[in-house]
Every structure is written in structure tokens, then in C-alpha cells.
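Residues per chain, in single letters:
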Amino acid sequence: MVFFLIALGLVAFAVLAMRRAPIWQWAVAALVLGLLSRISPDGIATGTLGWAVALLPAVLLGLMALTPVRRMVLIAPAYGVVKSILPKVSRTEQEALDAGTVGWDAELFSGRPQWDKLFEIEKPTLTAEEQAFLDGPVETVCAMIDDWDTRHNRADLSPEVWQYLKDNGFLGMLIGKEHGGLGFSAQAQSQVVSKIASRSVAAGITVMVPNSLGPGELLEKYGTPAQKEQYLGRLAKGQEVPCFALTGPHAGSDAAGMRDIGVVCHDMYQGKKTLGVKLSWDKRYITLAPVATLLGLAFHLRDPDHLIGETENVGITLALVPADYPGVKIGRRHYPARSAFMNGPTEGRNVFIPMEFLIGGTDYAGQGWRMLMECLATGRAISLPAIGTVSIKHALRVTSAYARIRRQFAIPIGVMEGVAEPLGRMVRSAYAYEAARGLTAAMVDAGQKPAVISALLKYRTTEAMRDRINDAMDIHGGRAVQDGPSNYLFGGYATTPVAITVEGANILTRTLITFAQGALRAHPYLYKEIAAAQDPNRKAGIAAFDTAFCGHVSFMLRNILGSFLHAMSFGAFASTPTKDEMAHWYRQLSRYSQSFALVGDWTVAFLGGDLKRKQNLSGRMADILSDLYLLSAVLKRYEDEGRIAEDRPLVDAIARDLIYSMEQSFAGVFANFPNVVLRYLMRFLVFPLGRHARPASDSSGYRLAKAIMQPGTFRDRMTAGTFVSMDPKDVTGVLEDALIKVTNAAEIEKTFVKAVKTGKIARRLDRDAISDAIEAGVLTESEAATLRLADQATDKVIRVDDFDPDELASRQVPRAPEMGAAAE
């Protein structure tokens, strides 16, 4: 009977927890179990005290099912505790949370992702007009760009490239057609920036910035009709070059702590006493500032005389000021990582501007942070993921060719296991991050503002960019470190720290923003509980908290049971939208989403306001969330592209890596969780049978490396969206030309190498070995001609640049006084 009751209780708990049953159903279950426990085998009840103990859980649960009793006894005290431990949300944090939307990230936080929410997102597509632009003007401008000339000789784009970008609307892709812009989708903007960045990262950034967080987007969304009329057409045609100044010397990642100030007052403007703002600012790291004609500014606005409202500290406000406006100072250029894109400081002291310069006018005064966060939620989803992803694909394109062309020990270096390992990593990263880039841009086109996803994708793509470019540099060896006109890697390598740093430094994006913001925004109940706890109306707050808290408890109980059962069955019964070859990975995604929901929920509940300080734990949770998202994107790409059989081993390898990475991150959370009891309990619920995931095998990586070194559809698909030149005189075209010639000569080369090894002929600088091979009867004239073409193409590929010392002599430029220095 005892074992029966235990089994029955466990079954009841499982059913009620998974169904997220209301409290009264728990009370009924407790009553049934209590009654059964007090019935002896002969059917006679025993012991009054025993009855009281047996029925107590049912009575308590029954009382908790009564709303007035529950709120008085349980909810009100819990409300007070939560109010004291949950993180307080500042105004800027609140605006950041309100700015974005949740979508697939909320499904991952829920622990039970609804697959239709993933597959209802359209697969990446372009209109005929957008595709024609990619195939026409984008190809043209890429062919015009000489990255060495841009980086070394000019430290700027050439005048011809600048003009072409302006004339063809590259700086106004996001501006609507009604204002003279191209009105392109997020997907198109992402792909345009990608292809240009594959030719020159500096050129890609130059196009990216006006189409990301800047005056164009701010005016489109918030500008007054007069502001739109005045500026959007000129921005679209490149007649105005915009920049946006947010970062200052004392406020980088902590933008809300900026010291830039504007005070509402009356002053003279165009000969008349005018209501406006007296502005003082000091900004740096502002991309396009040195060439900008239109300066966007963020600053704290104060209204001490209440000229525009009752609030003295109005809040962060945005303004648009012509760069040649009196008092505006644009400083000398920064030189970020020796990259050629324009970047520099700006400042102003007591510069009076009329209220019409405020973006959106006085109606939007004090709403600047929300405006910026709304734009950043979409802009960050397009810009840096595009540059990070295409940098991986470009590195793969050139490295896969070089690894096949370059020979050592009489074999292509790419067939050596030590070289194939990083090359295989590059293949996996190229597929995974292109999948995530395309999916996220499609979300934006569907009207979402994926703030959490854009943050995690920014830090993951740019970190992967750094790692994969390092892999490419390692494989190239000395060929990559010798900079010059024929070096196609060094420009991207040098610019990598810029991508890591801008639009939210990766360290803080990973450890402070992604999980913390995601937990608040995407968690099904936490944000509601915080909102209720901060409600100034205590009665309304308790009522709202009651609903959220009860939902949270049932959510937690289901997570406990779901995590344990999925772990015990290795995800065998987790949900999957398909029964095909990818069903296993969908189940694993569902299993680890459930585990993430459990651990994330307990992490936030226990740490509360300390979550901001426990940044290592937060960073590991961000890694798990981003791995879940990457796996989602990879599986969706496989479906969207028609389940290409050739890609199945690649998808399997990526999935293995991501599952292994998640398990390692979970282990890091458990090992460092500050509460010992919860540490071991979470470990037991998530890994009751231990960790069993293994990354992709060496053999799978080797097969990927061999496949990518062959010209064909697989290589083209993995590097789609990069600029590919077939001109043998081009810096990368020489690789494409040589790869084809070397591949064509592969069998002939085997015969030639065999003859060298047997001593029939010798490779010597003082002899023509190919002619010797003809004389020795090793090769025919036709075969020798094919091999000679391959040899000549190879020589061009492996050649590095050299310079006369005078060419590299530093050009001394007199140092001008620092901006803002007092005149002598």
C-alpha cells in the first residue's frame, strides 16, 4: 500500500505539474491521497491525529485556492519580499525593455517552444528590385574598391567610390521611396552591407552606419513632417552625410551616464528671441563625423524654468544639428585599428539651437533613450551580424582556395589534419551564422524589434568573426601576415576589434545585457511580477502579482518535472515538428530549452538584484540562450533550403557542437552557483545521468574541409553573399583562377609528383622540371601545358608583397592643437 501511494503521488504530481493545474486540482489530489493513506487494509480508519496530518495538505491547498485567503496569507508577504529582492528597473532600463519585442526568444525562455512560431517566419528572400541592386550597383562598387589603396594610401574610400555610393542611394537604403530612398527590406540592407564588407570592411561600415542607428532611421520613425521634408530626400541622395553622436569620454557602455547637457531657455536665433536649448557636449568614436554634414546628438535635457512642461529633468533627448552650425566642432580623425572608415570626435559648448532641431520636436523631448533603443533593436539586428557573418564567409572563401592551392610535403596543406581542423570549423561557422543572420533579418522584416536576439547575435557573430579570421590567418601563415596590395585578409583581421567593441562592447553585451534583459523581457512571468511590485497602487499591485506569481509557481513546477524527465529519457519524448532526419536535434533543442527555462528561472529568483553583479553566471546563461538560438536558426535554414542532402552532415556537426557547448555552459553555472543546495539540485534535475554530449568528430570536420576545397555548389553555397571576382588580376580573383587550374591539373600532378619521388625528374630552380617530365615520357605536351598553367597560377597566389623602404616611411604631419584646447 505504501509503495502504491508513493507511485500514485508521483503520477499525480507529474500530471498536475505538466498540465499546470490550478490550485483546487492540487487540493483535490491531496485529499484523495490523504484519504487513501488513512484507510487500513480492512477498510477501518485509524487515529484522529493521523487523519489530521493526512488531510492537512488538502486543507491548506484548499484555502490557497480561495483568492482572498491566498492574497492575505501568501501573496501579500511574498509581494513584500519580491519587492525588496527583485532588481529595480531604472527609467533607461525600462525604456530599453519597452523598446524591443519578444518572439522566438520568449519561446526559448518558456521551455516549451512552439515550433509554428519559428516556421511562420518567412525564409530570407529579396524582391526582384533588391536582387537587381545586388547584382548590379553592389557588384560594380565592389569591383571599384581597392582595399589596399583604401587602407594604406588614402585612409579613406576613393572619391569615385564615395560618389558612386551617394549617387546610387547606398546611404539611403532604409529611407522610404516616398522620400526618394530605396526603401529596401532589412534582408536586402543586410546583404548589401555584407557583400561590400567582403570587399572592404571600411566600405561596409561606411554604408552600414547611415542605414543603422542614425538620423535617417530616427527621422523616418519620429521626425516631424517638416524635418522629414527637409532632410530625408537629401539623405537618400547622399547630399547630406549623417552621423550620430552618443558615446562620450565618460559614458561608453553606460550611455545613460552621459554628461552632455541641454538646458531649455530663450536666446537669439536668426535675429529673433527664440525658445530653444543651450547645448554642451563632448563625444568621441563617432563614425562618419569627419565627413558628416548632419550631426545627430543625444544629451540630457533639463527645463529648470518649466518652459516646455512641469518636469525639470526631462530626460535623454535627441537633436539634429548641421555640422557647419555655429559652435559645432568636428575634431580630427580617430584611426580605429588603422581602418579607413571615417571616425572622430565632436564637441560644442553652450551652443544654442531652436526647438525645431529636436528630433520629433518637443513632443519627443525626454524620449530619446526609448527612440534609440527601438532603432538599436532593429539596426543592431542588421548591421554587425551582417559584417561578422560575411567576414567568416570571406575568410572561408579565400582560405578554402588557398588550402587547396598551397602545397607542402607534396600535398595540399588542406588535407593535413592539423589544417583541416580549423578549416572545418570555418565551414560550420559560415553555415550557422548565415542561418542566424538571415533569420534575424527576416524577423525585422516581419515587424519585430528583436532587442534580445540582436544583442546576442551581435556578440556571437563578432566573436566568431575574430576566431574564424584567426583560423584563416593560421592556415595562410606567412602569406597572411605580409601586408600589401595582394593581402586579402589583413584588412578584416585588423578591423575585427572594432566590430567587437562598437554598438555595445561584447564583454558587457554578453555578461550584463543579454540574459538579464532577456530574463526580464522574455520570461513569461518575471516582467509582470516586477511591474506589479513597482505599482504605486498596492492593492492593484497585489492583484496583478497574484496572477503572475501563481502562474510562475506552476511554470516552475512544470520546469522541474520537464527537465528531469527529458534528462532521464535523453529528450526522446520532447516535442519535434518533424519526423525526418532532423527530429533528434529538434528534440534536443526542446530538451535544453526546458533546462534553460528551469535554470534561468531559479537564477533570477535567487539572485534578484545581484544578477547584475554575478556577471559570469549571466554570461554563461547568455551563451546557452545564444546556442539555443543558433541551433534554431540552423534547423530552420535546413528546412527553408529544402533539406539539401549534402548539408545534412554539416547540420549534424553544428548541432553536436552547440549541444556540447550548452552542456559545458550549464556545468559552469552549476559549479559557480552561490547557493550550494540549488547548485546540486539544478545539476540533479538537468543532468541526473551525467553529461554525455560530444562535439563534432575529427572525421566529420575532415570531410567538411575536403568538400570545401573543391570548386562547386557546396563551396558556393557556404560562401554565398561574398563578392567573388573571376579576374586573375584581382586580389581574390587570382585565387579563384588558380583553384580551377590546380583542380584541373590534380591527376596530372599526381603523376608528376610520383615521378619526382622515384627520382625520374627533380624540382630544381636551375631546371624546368615540367620540360624534363616531357623528355622523360612522364607527361604529354598537353598534360605539361595544363600543369604549367596550374604552377604559374600557384606562384601568383603564394607571392607576397615587398616594398622599397621609402614607400613605407612615415609621413610626418604637424600635430594640430587638440580640440577644445585654449588658444595661445
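An account of the accompanying structure is given in this report. (Residues numbered from 1 in each chain as written. Predicted model: local features only at pLDDT ≥ 70, side-chain atom pairs only at ≥ 80, totals over all residues. Heavy atoms only, no water.)

### Remarks on the overall build of the protein
Scanning the protein from terminus to terminus reveals 32 helices and nine strands. Its C-alpha atoms put the protein at 110 × 85 × 50 Å along the principal axes. The buried share of the protein, reckoned over its 824 residues, is 54%. The long-range share in the protein, meaning contacts at least 24 apart out of those at least 6 apart in sequence, stands at 77%. Summed over its atoms, the accessible surface of the protein is roughly 35400 Å², and 57% of this surface lies on carbon and sulfur atoms. Measuring between centres, the 89 positive side-chain charges of the protein sit 6 Å from its 87 negative side-chain charges. (Helix = DSSP H or I, 4+ residues; strand = E, 2+ residues; numbered from the N terminus. Buried < 20%, exposed > 50% of the residue type's maximum accessible area, 1.4 Å probe, protein only. Contact = heavy atoms within 4.5 Å. Areas by Shrake-Rupley, 256 points an atom, 1.4 Å probe, with all protein chains shown as cover. Lys, Arg positive; Asp, Glu negative; His and termini not counted. Charge placed at Lys NZ, Arg CZ, Asp CG, Glu CD.)

### A closer look at the packing of helix 16 (residues 417-445) against helix 25 (residues 648-672)
Look at helix 16 against helix 25: their axes get within 10 Å of each other, and the N-to-C directions meet at 90 degrees. Taken together, the axis directions place helix 16 and helix 25 in an arrangement best described as roughly perpendicular. For the pair formed by helix 16 and helix 25, the contact residues are V427, R428, Y431 and A432 on the first element and L650, V651, A653, I654 and D657 on the second. (Axes fitted to C-alpha atoms, helices over the stretch in contact; angles between N-to-C directions. Parallel < 35°, antiparallel > 145°, perpendicular 65-115°, else oblique.)

### So, unusual backbone geometry
Of all residues except glycine, most have a negative phi; of all peptide bonds, most are trans. In this structure, L288 takes a positive phi of about 75 degrees despite not being glycine. Along the polypeptide, L288 turns up in the loop between strand 3 (272-287) and strand 4 (294-302).

### Description of the nonpolar core
In this structure, F170, I196 and I353 are the most contacted members of the largest nonpolar core, which totals 187 residues. Other than its neighbours up to four places away in sequence, F170 contacts F133, P137, V138, V141, Y164, L165, V192, I196, V207 and N211. In terms of nonpolar packing, the next biggest core, distinct from the first, is built from 26 residues, Y231, A251, A298 and L318 among them. (Core = buried A, V, L, I, M, F, W, Y, C linked by side-chain atoms within 4.5 Å.)

### What about the packing of aromatic side chains?
Under the definition given, this model contains 23 aromatic pairs. Aromatic ring contacts, followed pair by pair, group W104, W115, F119 and Y586 into a single cluster. Sitting above the plane of the Y431 ring, R637 keeps its charged end 4.0 Å from the centroid. (Phe/Tyr/Trp six-rings, centres within 6.5 Å; stacked < 30°, edge-to-face > 60°. Lys NZ or Arg CZ within 6 Å of the ring centre and 35° of its normal.)

### A look at the pattern of salt bridges
Per the counting criterion, the structure on display carries 41 salt bridges. The closest approach of N and O atoms between D772 and R767, which form a salt bridge, is 2.9 Å. Taking relative accessible area as the criterion, R767 reaches 43% and is therefore assigned partly exposed. Within this structure, R397, R715, D716 and E736 form a network of salt bridges that share partners. (Salt bridge = Lys/Arg side-chain N within 4 Å of Asp/Glu carboxyl O.)

### Observations regarding helix 15 (residues 368-405)
Since the α-helix advances by 3.6 residues per turn, residues separated by three or four positions end up pointing in the same direction. Between its terminal C-alpha atoms helix 15 stretches 54 Å, which fits the 56 Å expected from 38 residues at 1.5 Å a residue. Maximum bend of helix 15: about 40 degrees, positioned at G379. For helix 15, the tally of buried residues reaches 37 of 38 residues, placing the bulk of the element in the interior. (Expected span 1.5 Å × (residues − 1). Bend = angle between axes of the 7 residues up to and from the residue.)

### Some remarks on a nonpolar patch on the surface
Taken together, L56, V59, L60, L63 and L66 make up a surface patch of nonpolar side chains, about 430 Å² in accessible area. One can find L66 in the loop between helix 3 (48-64) and helix 4 (67-85). (Patch = residues over 30% accessible without salt bridge, like charges linked within 9 Å, V, L, I, M, F, W, Y side chains within 5 Å.)

### A look at the pairing of strand 5 (residues 313-322)
A large share of strand 5 lies buried, amounting to nine of its 10 residues. One ladder, built from nine bridges, connects strand 4 with strand 5; its direction is antiparallel. Counterpart to A298 in the pairing with strand 5 is L318. (Pairing = 2+ DSSP bridges.)

### Details of helix 29 (residues 733-744)
Along its 12 residues, helix 29 runs 17 Å from first to last C-alpha, staying within 8% of the 16 Å computed at 1.5 Å per residue. Where helix 29 is concerned, the buried positions are G733, V734, L735, E736, D737, A738, L739 and V742. Residues of helix 29 that are buried make contact with helix 15, helix 28 (713-718), helix 30 (746-757) and helix 32 (781-798).

### Quick look at the pairing of strand 7 (residues 343-354)
Counting buried positions over the 12 residues of strand 7 gives 10, a clear majority of the element. Sheet topology note: the strand 3/strand 7 ladder contains nine bridges and is antiparallel. Within the sheet, the bridge partner assigned to K283 lies in strand 7 and is T346. In this structure, strand 6 (residues 329-330) lies alongside strand 7, joined through two bridges in antiparallel fashion. Residue pairing for strand 7: K329 is matched across the bridge by E347.

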